[in-house]
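As a plain string of letters, each chain reads:
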Amino acid sequence: MAFNRKQLNRFSSRSIATDVDLNPRWKLYTSPIILTDGLARIRAIAVRIGYKDSDEAESAFIMR
């Protein structure tokens, strides 16, 4: 998963969610994500206070 350069700059942050809810609980991405065995779904957005959030990016992984 990658963010478009237009979406990120040195002032923006990345937020991730691992739930499948329509209104996920976004968490600030500050360190590597540890995935356990099974199916993992990662959703991500770029955020900055005072600006519109980026479009959501999503990927699914099967961990073994």
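Residues numbered from 1 in each chain as written. Predicted model: local features only at pLDDT ≥ 70, side-chain atom pairs only at ≥ 80, totals over all residues. Heavy atoms only, no water.

## Let's talk about the overall build of the protein
Piece 1. From N to C terminus, the protein includes 0 helices and 4 strands.
Piece 2. In sequence order, the protein lays out its α and β elements as β-β-β-β.
Piece 3. In the protein, the share of contacts with a sequence separation of at least 24, taken over all contacts with a separation of at least 6, comes to 41%. (Helix = DSSP H or I, 4+ residues; strand = E, 2+ residues; numbered from the N terminus. Contact = heavy atoms within 4.5 Å.)

## Concerning the side chain of Ser54
Piece 1. Within the element layout of this structure, Ser54 appears in the loop between strand S3 (38–47) and strand S4 (57–63).
Piece 2. Since its relative accessible area comes to 16%, Ser54 is described here as buried.
Piece 3. Of note is the side chain of Ser54, whose polar atom sits 2.8 Å from the backbone nitrogen of Ala46. (Buried < 20%, exposed > 50% of the residue type's maximum accessible area, 1.4 Å probe, protein only. Polar contact = N/O pair within 3.5 Å; in protein donor to acceptor, adjacent residues only side chain to side chain.)

## Side note on the sheet that holds S4
Piece 1. Taken in spatial order, the 4 strands of this open sheet run S2-S1-S3-S4, and their pairing is antiparallel. Of all strands in the sheet, those bounded by a partner on one side alone are strand S2 (27–28) and S4.
Piece 2. Inspection of the sheet shows strand S1 (residues 13–17) paired to S3 by 5 bridges, in the antiparallel sense. Note on S3: the bridge partner recorded for Ile16 is Ala44. (Pairing = 2+ DSSP bridges.)

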